[in-house]
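The chain contents come next:
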Amino acid sequence: MLNKDLYLNENIFETPTLEATRDGYGKALLKLGEENPNIVVLTADLAESTRVDEFAKNFPDRFFDCGVAEQNMAAIAAGLGVSGKIAYISSYAVFSPGKNWETLRTTVVYNHSNVKIAGHHAGIMTGPDGPTHQATEDIAITRCWPKMKVIVPADSIEAYKATYNSSESEDPYYIRFTRDKTPVITTSKTPYDENKIQVFWVSNNPQVTIAATGYMLYYALIAASNLQKEGVETEVLNISSIKPLDQDTILKSVSKTNALITIEDHQVDGGMGSAISEMLSRRRPTLQEFVGLQNTFAESGDTKALIEKYGLSSKSIQEKTINLLKRKNG
Amino acid sequence: MIERIDSDQIRILNEKANKIRELIIEMLLTAGSGHSAGPLGMADIFTAFYFHILNQDPKNPDMKDRDRLILSNGHICPVRYATMALRGYFDISELQTLRKINSRLQGHPHRTSLPGVETSSGPLGEGLSQGIGIALAAKIDKAKYQVYVIASDGEHQEGNIWEAVMFAGKMKLNNLTLVIDRNNIQIDGFTEDVMPLEPIVDKYKSFNWHVIEVDGHNIEAFINAINEAKSIFEKPTVIIAHTIPGKGVDFMEKDYLWHGSPPNKEQAREALKELRTLGNKIISEHQ
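Attention here is on the structure that accompanies the text. (Residues numbered from 1 in each chain as written. Chains lettered and ligands numbered in written order. Predicted model: local features only at pLDDT ≥ 70, side-chain atom pairs only at ≥ 80, totals over all residues.)

1. Here we look at the overall build of chain A
This is how it is decided: A run of DSSP states H or I qualifies as a helix once it reaches four residues; a run of E qualifies as a strand once it reaches two. Both are numbered from the N-terminal end. All radius of gyration figures rest on C-alpha atoms, and the globule criterion is 2.2 Å times the number of residues raised to 0.38. Exposure in this text rests on C-beta crowding, where 20 or more other C-beta atoms within 10 Å of a residue's own make it buried, 12 or fewer make it exposed, and counts in between make it partly exposed. The C-beta atoms are placed from the backbone. This entry defines residue contacts through backbone-placed C-beta atoms, with two residues in contact when those atoms are within 7 Å.
Summing up its helical and strand segments, chain A has twelve helices and 14 strands in all. Computed over the C-alpha atoms, the radius of gyration of chain A is 19 Å, within 12% of the 20 Å expected from 2.2 N^0.38 for a compact globule of 330 residues. Dimensions of chain A along its principal axes, counting C-alpha atoms only, are 60 × 40 × 35 Å. When each of the 330 residues of chain A is scored for burial, the buried share is 58%. For chain A, long-range pairs separated by at least 24 residues make up 79% of all intrachain contacts whose partners lie at least 6 apart in sequence.

In structure tokens, the structure reads:
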């Protein structure tokens, strides 16, 4: 059952409210712009689709459109970030942190500049545009940076909180957003703490831990609900912060279940599942199944069709959970 | 405006530049790796910046309204370190730690390691963009400091530079001055053989920049160019400083093979002899 302590939306299984995580980002920037004169926003010719157009209208002196030039955007932001500003750079994740990766590494991360990288249109959810625009490696290439914060909000409300929260630290952040409207799972009352993983689905006697990141959390919750009906009890963890990773909550869950399945719209190589696996192999080696892209790019298509074809659907999660359980008990 | 300098000051600054060249040779010899030609070629300009142009305080390197000097081509950092040490940012003896473990003097500059270093650099083509960001922050804050960026000629082969040149032209950033070390060499050879940059003056003009060309070894002319840049309000200014790579050490001058190599013991002895005698014009006390 949904964790009552987290004030989650009870309607998510029947009539979920839909909103894109990028909208949460845009709203948070607007609020931050009003509150903090040091907030600056940059884009590389993607103001509307990364939802920074309202910020641009309201704070034109603190908004910079760099044109189609992601390296320049990154390093300009780095200059702003070492000069007392808090710079949010907004582009598609394929281009930033993809195309401008080394620029970010040197001028933002190594330089320790106060820059927040907003990677939009991440994952195969970017659908019809095809693999050129579906960032499925961005978690891998940012979480390997020393002391980087890597956040993947589960819904628009968490996206708002994650964006707002990132302004309170001088550390560089990577925050990942998706294009489509997705179910709003949390509410304004749901606690948000990047150092604390929340258990969204609880059971009396969980047999498998399901860890999901980003909008995939919704698919994980549907799977957990269906599995419950079949008599399989699980716990579902919302991994919205991949770095820092709250090790204790994961260890606490897998110490009960001894089986873990990780769900992400990303390559399984180097993603959230890998991050948890690296930790567990040091502290408590655990049987693990990885759901995500398996050594392949996806293709153009309707989001729902892609999610089914590439094995990310609730049905697929259910099947893989059952298989995992068999392995555990076998 | 920056004060003009008289002949006495010119003489003093030239002596400082010569001393900086000696320090560069000494530190590269100890380090056993690093770049020789670029640092030697830029000793006069770094002297002009740190001993006359920049509004900075070596004892308070984070001073809020300090002028910012951004080094884009981080590989010539020995000249920055040597100049900063001579100016009093840290003890000259620390120069011997260049490129060694536990040193603040990283092989390429690291902002958070050494106070007074404004950005981390090494990978080319990124300094102008960072200078733009700092200049934009100054505009937002209505701060009066000036942002100077030093870039190499070879790094103009990086696309990022032209993204930044386009942006600065669009924004009419008059608090930003770019100095290009036009020494015509890069690792693989002469710039015009590897990938021609000319006509570089026309290129900058077409991007809506004000362009000044200057002899990069004439400190007085360079200071005048900085003043001219300050008087231009409607656009950013680029000063193309023509320099001789390896300047001051005869066997290194104009030879691209010295771009990325340090001197060995014998070569360092030879170089220091030349520098300490001002090219055999004076008899060194060491002789």
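2. With respect to the sheet that holds strand E7 (residues 237-242) of chain B
Residue and element names in this part refer to chain B. Stated formally: Paired strands, in this sense, are two strands between which DSSP finds at least two bridges. Note on geometry: axes are lines fitted to C-alpha atoms, helical ones only across the stretch in contact, with angles between N-to-C directions running from 0 to 180 degrees.
With parallel pairing, the five strands of this open sheet are ordered in space as E1-E2-E3-E7-E6. The open sheet has two edge strands with one neighbour each: strand E1 (68-71) and strand E6 (210-215). Between one strand axis and the next, the sheet turns through 20 degrees on average, direction left out of account. Looking at chain direction, E6 and E7 are connected through six bridges and run parallel. In the sheet register, Asp215 faces E7, and the bridge partner there is His242.

3. Focus: the sheet that holds strand E2 (residues 39-43) of chain A
Residue and element names in this part refer to chain A. One open sheet holds the seven strands; their spatial order is E3-E2-E4-E5-E7-E6-E12, and the pairing between them is mixed. The open sheet has two edge strands, strand E3 (63-65) and strand E12 (241-243), and neither has a second partner. Neighbour-to-neighbour, the strand axes of this sheet turn through a mean angle of 20 degrees, independent of strand direction. Pairing geometry for E2 and strand E4 (residues 86-92), over five bridges, is parallel. Across the sheet, residue Leu42 finds its bridge partner in E4, namely Ile89. Against the sheet, helix H1 (residues 21-35) engages E2, E4 and strand E5 (115-120), with an angle of about 140 degrees to E2.

4. Digging into the pairing of strand E13 (residues 259-267) of chain A
Residue and element names in this part refer to chain A. Most of E13 sits out of view: nine of its nine residues are buried. In terms of strand pairing, strand E10 (residues 208-212) meets E13 through four bridges, oriented parallel. Bridging across to E13, Ala211 finds its partner in Thr262. In this sheet, strand E14 (residues 287-293) lies alongside E13 in parallel orientation, the contact comprising six bridges. When the bridges of E14 are listed, Thr262 appears paired with Phe290.

5. Topic: helix H3 (residues 70-81) of chain A
Residues and elements named next belong to chain A. The criterion, for reference: An expected span of 1.5 Å times one less than the residue number is assigned to each helix.
Its twelve residues place the ends of H3 16 Å apart at the C-alpha level, agreeing with the 16 Å of an ideal helix rising 1.5 Å per residue. Buried residues dominate H3, accounting for twelve of its twelve residues. All buried positions along H3 are accounted for by Glu70, Gln71, Asn72, Met73, Ala74, Ala75, Ile76, Ala77, Ala78, Gly79, Leu80 and Gly81.

6. Points about the packing of H3 of chain A against helix H6 (residues 159-171) of chain B
To keep things clear, this is the line we draw: Throughout this description, any angle smaller than 35 degrees is read as roughly parallel, any larger than 145 degrees as roughly antiparallel, any in the 65 to 115 degree range as roughly perpendicular, and the remainder as oblique. Definitions for this section: a left-handed crossing has its near helix turned counterclockwise from the far helix by less than a right angle. A right-handed crossing has that turn clockwise.
For the pair H3 of chain A and H6 of chain B, interaxial distance at closest approach is 8 Å and the crossing angle is 70 degrees. With respect to each other, H3 of chain A and H6 of chain B are oriented roughly perpendicular. At the point where H3 of chain A passes H6 of chain B, the crossing takes the right-handed sense. Note on element contacts: H6 of chain B touches H3 of chain A through Asn160, Glu163, Ala164 and Phe167 of chain B, opposite Gln71, Asn72 and Ala75 of chain A.

7. Regarding helix H3 (residues 43-53) of chain B
For H3 of chain B, the tally of buried residues reaches nine of eleven residues, placing the bulk of the element in the interior. Taken residue by residue, H3 of chain B has Ala43, Asp44, Ile45, Phe46, Thr47, Ala48, Phe49, Tyr50 and Ile53 of chain B as its buried positions.

8. Things to note about the interface of chain A and chain B
Stated precisely, the cut-off is as follows: Polarity classes work like this: nonpolar for Ala, Val, Leu, Ile, Met, Phe, Trp, Tyr, Cys and Pro, charged for Asp, Glu, Lys and Arg, and polar for all others, with Gly in that last group.
Contacts between the two partners involve 24 residues from chain A, matched on the other side by 21 residues from chain B. At the level of elements, H3 and helix H5 (101-110) of chain A are the ones that each hand at least two residues to the side of chain A that touches chain B. Considering each element in turn, the side of chain A that touches chain B owes the most residues, eight residues, to H3 of chain A. Among the residues making up the side of chain A that touches chain B, the classes are represented as ten nonpolar, ten polar and four charged.

Geometric descriptors of this kind do not, in isolation, establish any biological role.
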